[in-house]
Amino acid sequence: MQQLIDTWAGLDMRRKLAAIFGVIAMIATVFAIGSIASKPTLALLYAGLGSSEAGEVISALEQRGVAYEVRGDSIFVAAPQRDELRMTLASQGLPATGGAGYELLDSLSGFGTTSQMFDAAYWRAKEGELARTIAAVPSIRSARVHIAHPTNMPFRGTPKPTASVTITPTLGGLSGAQAKAVRYLVASAVTGMTPEDVSVIDSARGLIPFNDNPALPGSGEDRAQALKQNVERLLEARVGPGNVVVEVALDTATEREAITERRFDPEGRVAISTDTSETSKTSDSTTPPATTVASNLPDNGTGATGKSQSRTSETRARTNFEVSETRRELLRAPGALKRLSVAVLVDGVRGTNPDGTPSWEPRSDAELADLRELVASAVGFDEARGDVITLRSMQFEALPEAGTVAGPGFIDSMALDLTQIIQIAVLAVVALVLGLFVARPILLQKSRAGAAELPAPSATEEGATASTALTGEIDDREMPDMNMQLVSDFDLGDLPMATQADFDLDRPTDPVDRLKKMIEERQAETVEILRSWMEEPSEKT
């Protein structure tokens, strides 16, 4: 501790400020790492909401005092609370889907509201209510409804209203039965609209055609898929899952045809009426006698007068017959089945040989015949229509496994957020750099007023005095003034001014060698001098 105090006291003001800044940065980094590590893991609550729907959800979270975070159009909450919050908000009808409904009419007042404004708000509310009802179906994620209601114009007939519905399903696509239900729902809610006037658009498959024939539940693709699933489910009960492949092809009629037929049967007659008339006629007549002489005699001597009587009877009968007639009107809509083709591939019987190797055998003809009868009954086979069923037993090739099976990693098992881990790692690296390269060198640096000087050499050294100091420069004053050329006949006695001490062989005469020897003897002082040279700022030229 005392060494740390002495080191701090020896630092100049610039180094003290740098040390204080480094310590503060390290403390702030440690606190940041702690806050991130203690922060709960966030999970996605809702995403892709509109402004009004997101505002309602945030307001509900604030009322409950729930911590949340908004990232773009997504709302995140603590992972343990996500499921509970979803169920709680759903009980309150949040987030609201399909837009506003009849609550739009509550904001309208009688004063200042024109008929056009009320009609626009009414149809907007109608669209919102229908969208809410459609989106309430579990298999539908969202829905939008648009109603085109024409206005009444004088001297023109009233056109029929039409509607269009855009649906986003949760999984797969919208089936024909669901599209038909949506059409009837919208048509029943608007006066004067028929199901044919409603267009249903699937966001994944496009426009779904209208089909009002109950015998044809959907388009050709839907019917083929339904038949395929039925056959696979039937055969897998015998051969096992994954051992059968079924493909169904339907040839359907694409044109609409109307036929009117009228037939007469001449052999079949039916009496529709009978008219009978009967006539009877009776007449009496008297014939006078002939005039003769006897006619003049008293009492008519001629005898009795002549009389005659006649009666006539006539009967007539008339019967009206109608020839047998048959009238027939036939309407053929698009989608009628013209031809059916079914291809079925069945794997054989797999087993194990006595030596342990796998074996495979094709299925018997009797079994294939039974399977073919089952397929024919399941698809409604009609030979007169030209239907074809092909059933074969062949060996299935095993597909090679690509890659490895995905499994939870170490991070997933710890339930940690990858973003938080990255943030903690970055802050830890920053703290380590500040500690190693900023704070530590500053705190370990000794203070110095100027360039560090080596202590004076001891008195035992030759040619050294108490006042001589080692400053890192070579002093040539102790060097004798002599010729440095090498001669073979060099003799110490030829120099009268030289002494034996000046030419001691143990003492290097070369300045570089002398400096090397001084560095070896005083390594600590030399290191301090070199360090002071390196740390001194270079002078500006």
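Residues numbered from 1 in each chain as written. Predicted model: local features only at pLDDT ≥ 70, side-chain atom pairs only at ≥ 80, totals over all residues. Heavy atoms only, no water.

- Where an unreviewed UniProt entry is consulted, the chain appears under the name Flagellar M-ring protein, with the organism given as Thioclava electrotropha.
- The annotation that UniProt attaches to the chain under Function (unreviewed entry) is "The M ring may be actively involved in energy transduction."
- Quoted straight from UniProt, the Sequence similarities (unreviewed entry) entry for the chain says "Belongs to the FliF family." (UniProt positions renumbered as here; feature names shortened; annotations may be inferred.)

1. Concerning the overall build of the chain
Phase 1 of the analysis: The number of helices and strands found in the chain is 12 helices and 14 strands.
Phase 2 of the analysis: For the chain, long-range pairs separated by at least 24 residues make up 71% of all intrachain contacts whose partners lie at least 6 apart in sequence.
Phase 3 of the analysis: A total of about 38500 Å² of accessible surface is found on the chain, and carbon and sulfur atoms cover 56% of it. (Helix = DSSP H or I, 4+ residues; strand = E, 2+ residues; numbered from the N terminus. Contact = heavy atoms within 4.5 Å. Areas by Shrake-Rupley, 256 points an atom, 1.4 Å probe, with all protein chains shown as cover.)

2. Remarks on the side chain of aspartate 347
Phase 1 of the analysis: Relative to the helices and strands, aspartate 347 resides in the loop between β11 (337-346) and β12 (349-352).
Phase 2 of the analysis: The exposure class assigned to aspartate 347 is buried, which follows from its relative accessible area of 2%.
Phase 3 of the analysis: Of note is the side chain of aspartate 347, whose polar atom sits 2.9 Å from the side chain of tryptophan 360.
Phase 4 of the analysis: For aspartate 347, the contacting residues outside a window of four places in its chain are Asn243, Trp360, Arg363, Ser393, Met394, Gln395 and Phe396. (Buried < 20%, exposed > 50% of the residue type's maximum accessible area, 1.4 Å probe, protein only. Polar contact = N/O pair within 3.5 Å; in protein donor to acceptor, adjacent residues only side chain to side chain.)

3. Some points on the pattern of salt bridges
Phase 1 of the analysis: Taken as a whole, this structure holds 13 salt bridges when the rule is applied.
Phase 2 of the analysis: The shortest N-O distance in the salt bridge between glutamate 129 and arginine 132 comes to 3.7 Å. In this pair, glutamate 129 and arginine 132 are both assigned in helix α5 (residues 115-135), 3 residues apart and thus about one turn of the helix distant.
Phase 3 of the analysis: We classify glutamate 129 as partly exposed; its relative accessible area is 22%.
Phase 4 of the analysis: With a closest N to O distance of 2.3 Å, arginine 263 and glutamate 261 form a salt bridge.
Phase 5 of the analysis: For arginine 263, a relative accessible area of 53% translates into the label exposed.
Phase 6 of the analysis: Via salt bridges that share partners, Arg238, Arg363 and Glu367 belong to a single interconnected network. (Salt bridge = Lys/Arg side-chain N within 4 Å of Asp/Glu carboxyl O.)

4. Some words on a nonpolar patch on the surface
Phase 1 of the analysis: There is a patch of nonpolar side chains on the surface, built from Trp8, Met13, Leu17, Ile20 and Ile24 and spanning about 510 Å² of accessible area.
Phase 2 of the analysis: The element contributing the most residues to the nonpolar patch is helix α2 (residues 13-38), with 4 residues.
Phase 3 of the analysis: Note on placement: isoleucine 24 falls in helix α2. (Patch = residues over 30% accessible without salt bridge, like charges linked within 9 Å, V, L, I, M, F, W, Y side chains within 5 Å.)

5. Section: the nonpolar core
Phase 1 of the analysis: Ile134, Ile167 and Val186 are the most contacted members of the largest nonpolar core, which totals 21 residues.
Phase 2 of the analysis: Those elements that provide at least two residues to this core are α5, β4 (140-148), β5 (162-169), α6 (176-189) and β6 (198-202). (Core = buried A, V, L, I, M, F, W, Y, C linked by side-chain atoms within 4.5 Å.)

6. With respect to α5
Phase 1 of the analysis: Helix length check: α5, at 21 residues, gives a terminal C-alpha distance of 30 Å against a target of 30 Å (1.5 Å per residue), a fit within 8%.
Phase 2 of the analysis: Taken together, the buried positions of α5 are Ala121, Trp123, Ala125, Lys126, Glu127, Gly128, Leu130, Ala131, Ile134 and Ala135. (Expected span 1.5 Å × (residues − 1).)

7. With respect to helix α8 (residues 365-379)
Quick reminder: α-helices carry 3.6 residues per turn. Residues three or four places apart thus point the same way.
Phase 1 of the analysis: For α8, with 15 residues, the first-to-last C-alpha span of 21 Å sits near the 21 Å given by 1.5 Å per residue.
Phase 2 of the analysis: Among all positions of α8, only Glu367, Leu368, Leu371, Val375, Ala376 and Val379 are buried.
Phase 3 of the analysis: Phi for glycine 380, located one or two positions after α8, is positive at around 75 degrees.

8. Some thoughts on the side chain of arginine 183
Phase 1 of the analysis: Along the chain, arginine 183 turns up in helix α6.
Phase 2 of the analysis: In this structure, arginine 183 is buried with no salt-bridge partner, the nearest side chain bearing the opposite charge being glutamate 196 at 8.4 Å.
Phase 3 of the analysis: When sequence neighbours within four positions are dropped, the list of residues in contact with arginine 183 reads Pro195, Val198, Val200, Ile208, Pro209 and Phe210. (Lys, Arg positive; Asp, Glu negative; His and termini not counted.)

9. Some thoughts on the packing of α5 against α6
Phase 1 of the analysis: The interhelical angle for the contact between α5 and α6, taken along N-to-C directions, is 150 degrees, at an axis separation of 11 Å. Relative to α6, the element α5 lies roughly antiparallel. Crossing geometry of α5 relative to α6 is assigned as right-handed. Where α5 abuts α6, its residues Lys126, Leu130, Thr133 and Ile134 lie against Val182, Leu185, Val186 and Ala189. (Axes fitted to C-alpha atoms, helices over the stretch in contact; angles between N-to-C directions. Parallel < 35°, antiparallel > 145°, perpendicular 65-115°, else oblique. Left-handed = near helix turned anticlockwise from the far one by under 90°.)

10. Quick word on the confidence of the model for the chain
In regions of low pLDDT, the predicted coordinates are not meant to be interpreted in detail.
Phase 1 of the analysis: Residues with a pLDDT of 70 or more make up 69% of the chain, whose mean pLDDT is 75.
Phase 2 of the analysis: For the chain, the element scoring lowest by mean pLDDT is helix α9 (residues 410-414), at 53; α8 scores highest, at 93.
Phase 3 of the analysis: Residue range residues 446-454 is modelled with pLDDT below 50. Its contacts to residues more than four positions away, or to other chains, number 17 contacts.
Phase 4 of the analysis: Here residues 459-470 is modelled with pLDDT under 50, and outside its nearest four sequence neighbours on either side it reaches 18 contacts, counting other chains as well. (pLDDT = per-residue confidence, 0-100.)

11. With respect to the sheet that holds strand β8 (residues 244-252)
Phase 1 of the analysis: Pairing is mixed across the open sheet formed by 3 strands, whose spatial order is β8-β11-β14. Every other strand in the sheet has two partners, leaving β8 and β14 (388-393) as the edge strands with one partner each. Neighbour-to-neighbour, the strand axes of the sheet open up by a mean angle of 5 degrees, direction not taken into account.
Phase 2 of the analysis: Bridging between β11 and β14 involves 6 bridges; their strand directions are parallel. The partner of valine 342 across the bridge, within β14, is isoleucine 389.
Phase 3 of the analysis: Relative to the sheet, α8 contacts β11 and β14, its axis offset from that of β14 by approximately 145 degrees. (Pairing = 2+ DSSP bridges.)

12. With respect to the sheet that holds strand β1 (residues 42-47)
Phase 1 of the analysis: A sheet is described by the order of its strands in space; here 3 strands give the open sequence β1-β3-β2, paired in antiparallel fashion. Two strands close off the open sheet at either side, each with one partner strand: β1 and β2 (68-71). Across this sheet, the average inter-strand angle for adjacent strands is 30 degrees, counted without regard to direction.
Phase 2 of the analysis: Sheet topology places β1 next to strand β3 (residues 74-78); 5 bridges connect them, and they run antiparallel. Directly across from leucine 44, in β3, lies its bridge partner phenylalanine 76.
Phase 3 of the analysis: Each of β1, β2 and β3 touches helix α3 (residues 51-63); the most contacted strand, β3, lies at about 20 degrees to it.
Phase 4 of the analysis: Against the sheet, helix α4 (residues 82-91) makes contact with β1 and β3, and its axis sits at roughly 25 degrees relative to β1, the strand it touches most.

13. Some details on the packing of aromatic side chains
For any pair of aromatic rings, the description rests on two quantities: the centre-to-centre distance and the angle between the ring planes.
Phase 1 of the analysis: Scanning the entire structure with this criterion turns up 1 aromatic pair.
Phase 2 of the analysis: Centroid distance tyrosine 122 to tryptophan 123: 5.3 Å. Interplanar angle 75 degrees. Geometry classified as edge-to-face.
Phase 3 of the analysis: Judged by relative accessible area, which is 28%, tyrosine 122 ranks as partly exposed.
Phase 4 of the analysis: By relative accessible area, which is 19% here, tryptophan 123 ends up buried. (Phe/Tyr/Trp six-rings, centres within 6.5 Å; stacked < 30°, edge-to-face > 60°.)

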